[in-house]
Structures are given as C-alpha cells and as structure tokens.
Amino acid sequence: MAAKKKKVKVQLVKGMKDILPDEQLYWNLIRTKVENFARNYGFSRIDTPIVEATSLFKRTVGEDTDVVSKEMYSFVSQGGDKLSLRPENTAPVVRSYIEHGMLNLPQPVKLFYIGPQFRHDNPQAGRYRQFWQFGFEAIGDEDPVIDAQMIAISYFILKDLGLDIEIQVNSVGDSASRTEYIKILKKYYQDKKKSLCKDCSLRLNKNTLRLLDCKNKKCQELAEETPQMVDHLSEAGKEHFMAVLEYLDELDIKYSLNPKIVRGLDYYTRTAWEIFECSGKEGKLNALGGGGRYDDLVNILGGRETPAIGFAIGIERVIMKMQEAKVEIDKGRGFDIYIAQLGIEARKKALNLFEDLRRAGFSVSENMSKKGLKDQLEAADKKQVKYTLIMGQKEIADGTILIRDMESGVQEIVDYKKVKAEVRKRLDRNIAKNLKLKK
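Residues numbered from 1 in each chain as written. Predicted model: local features only at pLDDT ≥ 70, side-chain atom pairs only at ≥ 80, totals over all residues. Heavy atoms only, no water.

### Looking at the overall build of the protein
Summing up its helical and strand segments, the protein has 15 helices and 16 strands in all. Based on the C-alpha atoms only, the size of the protein along its principal axes is roughly 95 × 75 × 50 Å. For the protein, with 439 residues in total, the buried portion stands at 47%. Relative to all contacts within the protein whose residues are 6 or more apart in sequence, the contacts with residues 24 or more apart total 69%. Carbon and sulfur atoms provide 50% of the accessible area of the protein, an area that totals close to 24000 Å². One way to put it: in the protein the 74 positive side-chain charges average out to a point 8 Å from where the 64 negative ones average out. (Helix = DSSP H or I, 4+ residues; strand = E, 2+ residues; numbered from the N terminus. Buried < 20%, exposed > 50% of the residue type's maximum accessible area, 1.4 Å probe, protein only. Contact = heavy atoms within 4.5 Å. Areas by Shrake-Rupley, 256 points an atom, 1.4 Å probe, with all protein chains shown as cover. Lys, Arg positive; Asp, Glu negative; His and termini not counted. Charge placed at Lys NZ, Arg CZ, Asp CG, Glu CD.)

Below is the structure:
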C-alpha cells in the first residue's frame, strides 16, 4: 500500500505580498493618476527588465551602499552571468537611455515607470522585499526649473491622492564640492568614532554622507552639529539651488530645508529631496519616496556627460497612508444589466445575449453557473445592477424576455428582438431622473 503523501503548507514567502482584489481599487487609482500626470507633463512609459547585470548596480548605486552590500538579490545564471533583481529603477532606465541611443533624441528625454523592485530588507508595515514604485526620470537638461517641476510632480500626485504632503529638500553639491565636503565631514567625525554605531563606523570612510541620515539616536545627536553642505557649495551650485527654491515658492509647495537629506545612493548630485506624509502620531513624518539629480550617472555608464534628475515613490506605503487617512475611493461604474437564466436552453441563449450586449457597449454581468432564480437575483442585488434580464423555457418558446427593475421589483415582458432598445430606453430614463434630482 502506497504511503500517504505528507501535506505541505504552502504560504507566502517572507517579505512578499499578495495584492488582493479589494486593494486593486487603490492600485488602479494610483496607476491612473500617475499616467495622467505623465501625459500632462510629457513623459513616456518605459519598462525595463527586473533582472540586470549585477555590475550595473555596483557601478551606479555604489558597492559600499547598504542596497548593494546587504540588500540585493544576486545570483549566477546557468550561463555563468552575475545577475541581480533590480533594487531600484534609475540605473536600468539610464542603461536603456544609453543603449538605445536616446542621447540623439530631443532633450530632455522624459520617462516614467510603474513596477516592482527587490531588496532583502527587514519587512515591516508598508515595506516589503518585493515592493512597487512609480518613478519619473528627466534626462538631458540641467535647468533648475526641471528640478522644481519634478518635485512638483511628486508633490501634487500625492496631494491629489488625498494625502497631506511635505517636501524636505537639500543640495548635496556637484562632484567637486561634495568631495571637499566629505573631507570636512570626516574631520568632524574623526574624534567621535567611538560614539558611532557599528554601521556608521564602517560608513565613515566608505559612504560618509550616510552618517547624516542614520536612524541611531546617538548618531542623530552627533549629526546635529555637523557642518552643512549648503555652506560648502560652489557658486554655481548655490545659484542652482536658490533658483529651485524660488520656483517651489512660486508653485506654493509646502517644503522645508533639511541638510540631512543626502539620499542613500552614490549617484546623487545637487538637488535631493524626500517626500513625507504628515499625519503621523505626534507630528511624526512618514517617508513615501524621494529623488534627486544624478548628473554623473550617464557618464559613469559610458555615455557622454548628461545632466539628469528623477524620483521614485513606494506604492504600498502610499496605499497604507491612504487607508489610514480613510481616503474615499471611487469604486467605478457598477453594472447596468444582469442576465439570469433558467434551464440549459436558456443558458445557451444567455451566453450569446451576454456577448451581444457587451459588444453593444452595455455594462453587463452574469453568473452562468448558478441555476436557481433566487440565487441569481441575490447575486444581481449584490452587484447593485439596475435591471435583470430573465430568460427561461417559456420566454424562449414565446420569443420574449423579462426585464426586472431591481429597485422597484416591477417586471415587464418585452420582445426578445427589441431587448437592446428597451434596456437603453430605461437606462436613459434613469439618467434623466438622476440629473433632475441633482438639480
């Protein structure tokens, strides 16, 4: 006798998330909002593979960043290639920009994306190991008005989604001024090394700017007295940053200066910002995303020197904050018609009627596997349809169909051939009635 196979419990991988049907309303709203902003601001969609060469991220994000050194999902393919699931999407977009000759297009090239990223981070509320972002990238222009527009897009998308948003902005300088500032920062921390947390002790010489945004309380206290980057910008850098702030003032965007905003990736230059939701307990701000300039990145990846700027926002975090804020979601248009059938022959005819009505532009629903009329009417009621079309053996023999008004319960027999016209007449009457009530 064969041994029984042991049942294995199948469950979600740690740090991953199912996006269930009820939550898709939020996702659809965000996708629609992002696509509308993209169209209005002249951005075109780009989708890059979720798998890229590991070297792409080591060269751009930085080997000494937490993202590359601790969080990337990396592996060697069967062909011996060193590959990684993308931990962020700016480097892949720039790789595509260079590889497909977009440098020869009118600049700036404006691109946006919506897709998953992967980091082996500690899972917590709103943060997953596969997490979705939407992002905007503008490659090929260094004018500060582009910086302000990108900040504005990140701000107004979230405002339009019903959230209370604040931008915190800083300048991390160009390559030359940042190099000088890092020397000053190292000197400041030199006699304070023993007070740094373990991670910051390693960052001091490898990724010095990250000391400014460490979450360790002692490190935060030390960072309060550090020299500020804005005091060490070149003249051109100061002029650029001041122009960005003037544009933000003109747009009436709620922002504050924060010298600790440095972003966690090596490729950032000049303008950097983070996007916060303001409804946290005791005034606590909740980070939703961020962005900045990366004027050296195209050059690092083999292209000519090309200024660029972009941002990305975490969709799961945005949805979590929308739910906490009880943002009302439009559930969209309900169904106008439900088709109920009784008997095999009626079911066959109902299948064709459904397709006929769908092609004619009606919003129509059904549950063909249900047999009892009571069950089907209950299903129609739950879907809040306006009219149910009922078809049984008698209706087939007579060439008729029943139209049931789901609100009043009144039923009327009509000629099957005229069902589309009869339903349209009733729906139009319904619309007119609702308009009159609104007036």
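### Some details on the pattern of salt bridges
Should the charged atoms of two oppositely charged side chains come close, the side chains can pair. According to the stated counting rule, one finds 20 salt bridges in the structure shown. The salt bridge partner of Lys 254 is Asp 164, with a shortest N-O separation of 3.0 Å. Residue Lys 254 is located in the loop between helix H9 (235-250) and strand E8 (255-257), and its partner Asp 164 is located in the loop between helix H5 (144-160) and strand E7 (165-171); the two are separated by 90 residues in the primary sequence. For Lys 254, a relative accessible area of 36% corresponds to the partly exposed category. (Salt bridge = Lys/Arg side-chain N within 4 Å of Asp/Glu carboxyl O.)

### A closer look at the environment of Thr 226
Inspection of the secondary structure assignment puts Thr 226 in the loop between helix H8 (217-223) and H9. For the pair formed by Thr 226 and Ile 114, sequence separation is 112 residues and the distance between their alpha carbons is 37 Å. Apart from residues lying up to four places away in sequence, Thr 226 is in contact with Leu 185, Tyr 188, Tyr 189, Leu 212 and Lys 260.

### Structural notes on the sheet that holds strand E2 (residues 51-53)
Ordered in space as E2-E4-E3, the three strands form an open sheet in which the pairing is antiparallel. Each edge of the sheet is formed by a strand with only one pairing partner; in this case those strands are E2 and strand E3 (74-76). Shown here is a sheet whose adjacent strand axes are inclined to one another by a mean of 35 degrees, direction ignored. Here helix H2 (residues 54-62) sits on the sheet and contacts E2, E3 and strand E4 (82-85); the angle it forms with E2, its principal contact strand, is near 70 degrees. (Pairing = 2+ DSSP bridges. Axes fitted to C-alpha atoms, helices over the stretch in contact; angles between N-to-C directions.)

### Concerning empty space enclosed by the protein
A full pass over the atoms with the stated rule returns two cavities of 30 Å³ or more. Taken as a whole, the largest cavity holds about 40 Å³ of empty space. What lines the largest cavity is Tyr 41, Phe 43, Lys 110, Ala 138, Ile 146, Gln 149, Met 150 and Ile 153. For the lining of the largest cavity, a count of residues per class yields six nonpolar, one polar and one charged. (1 Å grid on protein atoms, 1.4 Å probe; cavity = no way out; pocket = protein on both sides within 12 Å on 5 of 7 lines; lining within 4 Å. Points joined across faces, edges and corners; volume = space filled by probe spheres on them. Nonpolar A, V, L, I, M, F, W, Y, C, P; charged D, E, K, R; others polar.)

### Description of the pairing of strand E12 (residues 337-341)
In terms of burial, E12 is largely enclosed, as five of its five residues are buried. Residues Ile 337, Ile 339 and Gln 341 point to one face of E12 and Tyr 338 and Ala 340 to the other, with burial holding for every one of them. Inspection of the sheet shows E12 paired to strand E13 (residues 364-366) by three bridges, in the parallel sense. If you follow Ile 337 over to E13, its bridge partner there is Val 364. Taking the sense of rotation as the criterion, the β-α-β connection linking E12, helix H12 (residues 344-359) and E13 turns out right-handed. (Right-handed = clockwise from strand over helix to strand, strands pointing away.)

### Side note on the nonpolar core
Ile 30, Phe 134, Phe 136, Met 150, Trp 273, Val 318 and Met 322 are the most contacted members of the largest nonpolar core, which totals 43 residues. Top contributing element to this core by residue count: H5, with nine residues. If we ignore the near neighbours within four places in the chain, the residues touching Phe 136 are Val 34, Phe 37, Ala 38, Phe 43, Leu 111, Phe 112, Met 150, Ile 153, Ile 157, Ile 309, Gly 310 and Phe 311. (Core = buried A, V, L, I, M, F, W, Y, C linked by side-chain atoms within 4.5 Å.)

### A word on the packing of aromatic side chains
Applying the stated criterion to the full structure yields seven aromatic pairs. Grouped by ring-pair contacts, the aromatic residues Phe 43, Phe 112, Phe 136, Trp 273 and Phe 311 constitute a single cluster. The ring of Tyr 416 carries Lys 349 above its face, with NZ or CZ at 4.6 Å from the centroid. Residue placement shows Lys 383 over the ring face of Phe 335; its charged tip is 5.9 Å from the ring centre. (Phe/Tyr/Trp six-rings, centres within 6.5 Å; stacked < 30°, edge-to-face > 60°. Lys NZ or Arg CZ within 6 Å of the ring centre and 35° of its normal.)

### With respect to unusual backbone geometry
Cis rather than trans, the peptide bond between Gln 107 and Pro 108 has omega equal to 0 degrees. Relative to the assigned elements, Pro 108 resides in the loop between helix H4 (90-99) and strand E5 (109-118). Unlike most non-glycine residues, Asp 252 shows phi in positive territory, near 60 degrees. Here Asp 252 lies in the loop between H9 and E8. The backbone of Gln 384 shows a phi angle near 55 degrees, a positive value even though the residue is not glycine. Position of Gln 384 among the secondary structure elements: in the loop between helix H13 (373-382) and strand E14 (387-391).

### Brief notes about H13
Within H13 the residues assigned to the buried category are Gln 376, Leu 377, Ala 379 and Ala 380. Across the axial projection of H13, the buried residues extend over an arc of 155 degrees, all falling on one side. Exposed residues lying more than 90 degrees from the buried face of H13 are Lys 374, Asp 381 and Lys 382. Against the buried residues of H13 lie E12, E14 and strand E15 (400-405). Just downstream of H13 lies Gln 384, where phi reads positive at about 55 degrees. (Arc of directions from axis to C-beta.)

### Considering the sheet that holds E7
Read across the open sheet, the eight strands follow the order E1-E5-E6-E11-E10-E9-E7-E8; overall the sheet is mixed. Whereas interior strands pair on both sides, the edge strands pair on one side only; in this sheet they are strand E1 (44-45) and E8. In the sheet, E7 pairs with E8 via three bridges, with the strands oriented parallel. Within E8, the residue paired with Ile 167 across the bridge is Tyr 255. Helix-sheet contacts for H9 involve E7, E8, strand E9 (269-277) and strand E10 (286-293), and the interaxial angle to E8 is about 155 degrees.

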